[in-house]
Amino acid sequence: MSFSSKIFSIDTVKMSDRTEQIVKGGRHLFPLLAKAFAGVKQIGVIGWGSQGPAQAQNLRDSLAGTGITVKVGLRAGSSSMAEARKADFTEQNGTLGEMFAVIKESDISLLLISDAAQAELYTKIFESLRPGSTLGLSHGFLIGHLKNVGAKLPANINVIAACPKGMGPSVRRLYVQGKEVNGAGINASIAIHQDIDGRATDYAIGWSVALGSPYTFETTLESEFKSDIYGERGILLGAVHGVIEALYRRYVAGGMSKDAAFLNSAESITGPISKTISKRGIRAVYDGLDAAGKAEFEKAYTAAYPAAREVLAEIYDEVSSGNEIRGVVLAGDTATPTRRPPTNR
């Protein structure tokens, strides 16, 4: 994959047996944002879940002085309105409004609501987008859903993505840290899914830079949703919880107290192991063991790998085929009003 920009410098780096193009971020690039978003008067941030607060605040801070308004759009009566107001997005200063009204008036609309809400509302969202405007996504779910149901994006808009590789609170926390340490932030991938006016690439890069991404690299929205959902289902929403519960129940069944079982399962993973992996990489767990520990590690790894590989292969097939996305939509359709998946991602 390759991309070019009229505004930002692009570096080529060698990655194993191939080369990749990246944009190195940093606050020294913020003066270029006005040029990257030339002609843009308003960016609408739709949703106030995980990514919404972080992206809205980071964009507002990065675009200060450019004349570009960052406005949050939420469902009428949403409980998140109060939270947005605490972050100084208010109706009084023109930076908070009803989501469809915000989409209609925005040059770029960043859709950060939940997967279930996207599946439910995409038709009305498309109707609200102005011709020539830009739809921004931070997750490829919508593309997968449209493929499943045989629907298409409007042909008269740009469609781009900037996908931070971390949860919203980390995107904000590291951006704030970047005020003191230039380059601190969460890396992001970008995708140019539809470009009607030749400006989509610079919009996507500008969006990523404004979020504080130290490195920006290119992907496709289809690849993004497959890798993202696969990783979520295989690790965040499955493997870690399953390993902890299996360990805990086995320890308790063997006579260990519940407190001790917790320490040897949940605390073991969320404590020293995760910290070691986060700071020094997954190999560091093995390297930090003595000879006897390494032998035990190898024995456990040899037993666990085949079973884990089989389960993860099944998960990938479910994601790749679209079945996992269908399941998300079905869960949203059948949820009761009090148990419906959250609207704001």
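Scroll up to find the structure.
Below: a short report on this structure. (Residues numbered from 1 in each chain as written. Predicted model: local features only at pLDDT ≥ 70, side-chain atom pairs only at ≥ 80, totals over all residues. Heavy atoms only, no water.)

Some remarks on the environment of threonine 220
Keep this limit in mind: To qualify as a helix, a DSSP run of H or I must reach at least 4 residues; to qualify as a strand, a run of E must reach at least 2; elements of each kind are numbered from the N terminus. Two N or O atoms form a polar contact when they lie within 3.5 Å of each other; inside protein one atom must be a possible hydrogen donor and the other a possible acceptor, and for residues adjacent in sequence the pair counts only when both atoms belong to side chains.
Examined against the element boundaries, threonine 220 turns out to sit in the loop between strand 10 (215-218) and helix 9 (221-236). Separated by 80 residues in sequence, threonine 220 and glycine 140 place their C-alpha atoms 8.5 Å apart. For threonine 220, the side chain forms a polar contact with the side chain of serine 223, separated by 3.0 Å.

Here we look at the pairing of strand 6 (residues 108-111)
As a reminder, the rule being used: Remark: exposure states derive from per-residue accessible area (1.4 Å probe, protein chains only) relative to the maximum for the residue type, with buried under 20%, exposed over 50%, and partly exposed in between. A strand pair is defined by DSSP finding two or more bridges across the two strands. By convention a crossover is right-handed if, when the strands point away from the viewer, the path from the first strand over the helix to the second runs clockwise.
Alternating positions in strand 6 separate into two faces, Ile108 and Leu110 on one and Ser109 and Leu111 on the other, with burial throughout. Pairing of strand 3 (residues 42-46) with strand 6 involves 4 bridges; the strand directions are parallel. Paired with valine 45 across the two strands is leucine 110, which belongs to strand 6. Bridge count for strand 6 against strand 7 (residues 134-137) is 4 bridges, and the pairing is parallel. Within strand 7, the position partnered with serine 109 by the bridge is leucine 135. Remark: the strand 6/helix 5 (residues 115-128)/strand 7 crossover connection has right-handed handedness.

Concerning a negative patch on the surface
Short version of the rule: Patch definition: residues with relative accessible area over 30% and no salt bridge; like charges joined within 9 Å; nonpolar side chains (Val, Leu, Ile, Met, Phe, Trp, Tyr) joined within 5 Å. For the area figures, the Shrake-Rupley method with a 1.4 Å probe applies, and any residue is considered shielded solely by the protein chains shown. For this analysis, a salt bridge means a side-chain nitrogen from Lys or Arg found within 4 Å of a carboxyl oxygen belonging to Asp or Glu. The positive count covers Lys and Arg only, the negative count covers Asp and Glu only, and His and the chain ends enter neither. The location of each charge is read from NZ of Lys, CZ of Arg, CG of Asp or CD of Glu.
The grouping of Glu310, Glu314, Asp317 and Glu318 at the surface amounts to a negative patch. Relative to the assigned elements, aspartate 317 resides in helix 14 (residues 291-321).

With respect to the packing of helix 5 against helix 6 (residues 141-149)
Operational definition: Between the N-to-C directions of two axes lies an angle of 0 to 180 degrees, each axis being a line fitted to C-alpha atoms and, for a helix, fitted only over the stretch in contact. Here the word oblique covers every angle except those under 35 degrees (roughly parallel), over 145 (roughly antiparallel) and from 65 to 115 (roughly perpendicular). In what follows, residue pairs with any heavy atoms lying within 4.5 Å of each other are defined as contacts. Any residue outside Ala, Val, Leu, Ile, Met, Phe, Trp, Tyr, Cys, Pro, Asp, Glu, Lys and Arg is labelled polar, Gly included; the first ten of those are nonpolar and the last four are charged.
Direction vectors running N to C along helix 5 and helix 6 enclose 75°, while the axes themselves pass 10 Å from each other. Compared by their axis directions, helix 5 and helix 6 come out roughly perpendicular. When helix 5 is examined against helix 6, the residues Asp115, Gln118, Ala119, Tyr122 and Phe126 are found in contact with a partner set consisting of Phe141, Leu142, His145, Leu146 and Val149. In the contact of helix 5 with helix 6, the residues fall into 7 nonpolar, 2 polar and 1 charged.

Points about the side chain of lysine 71
Position of lysine 71 among the secondary structure elements: in strand 4 (residues 69-74). Residue lysine 71 is classed as buried on the basis of its relative accessible area of 13%. Engagement of the side chain of lysine 71 in a polar contact is seen with the side chain of glutamate 105, the distance being 2.7 Å. Discounting chain neighbours no more than four positions away, the residues touching lysine 71 are Gln42, Ile43, Gly44, Val45, Gly94, Thr95, Leu96, Gly97, Val102 and Glu105.

Let's talk about the packing of helix 2 (residues 51-62) against helix 7 (residues 168-177)
Going by this rule: Put simply, a crossing is left-handed when the front helix is turned counterclockwise from the back one by less than a right angle, and right-handed when it is turned clockwise.
Interaxial distance between helix 2 and helix 7 falls to 7 Å at its minimum, and their mutual angle equals 25°. Compared by their axis directions, helix 2 and helix 7 come out roughly parallel. Considering how the two elements wind past one another, helix 2 and helix 7 form a crossing that is left-handed. Contacts from Gln51, Ala54, Gln57, Asn58, Asp61 and Ser62 in helix 2 reach Gly168, Val171, Arg172 and Tyr175 in helix 7. The class makeup of the residues in the contact of helix 2 with helix 7 is 3 nonpolar, 5 polar and 2 charged.

What to know about helix 6
Buried within helix 6 we find Phe141, Leu142, Ile143, Gly144, His145 and Leu146. Looking one or two places after helix 6, you find glycine 150, whose phi comes out positive at around 75°.

Here we look at the pattern of salt bridges
In this structure the tally under the stated criterion is 10 salt bridges. Here glutamate 20 ties to arginine 18 by a salt bridge, and the two come within 3.0 Å at their closest N and O atoms. The exposure class assigned to arginine 18 is partly exposed, which follows from its relative accessible area of 45%. In this structure, the salt-bridge partner of arginine 85 is glutamate 91, at a minimum N-O distance of 2.8 Å. Looking at arginine 85, the relative accessible area reads 38%, which means it is partly exposed. Residue classification places glutamate 91 among the partly exposed residues on the basis of a relative accessible area of 36%.

Concerning the sheet that holds strand 4
Spatial strand order, 1-2-10-9-8-7-6-3-4-5: 10 strands in an open sheet with mixed pairing. Each having just a single partner strand, strand 1 (11-15) and strand 5 (96-98) make up the two edges of the open sheet. The sheet shows a mean angle of 30° between the axes of neighbouring strands, taken without regard to direction. Pairing of strand 2 (residues 18-24) with strand 10 involves 3 bridges; the strand directions are antiparallel. Considered in strand 10, the bridge of valine 23 is made with threonine 216.

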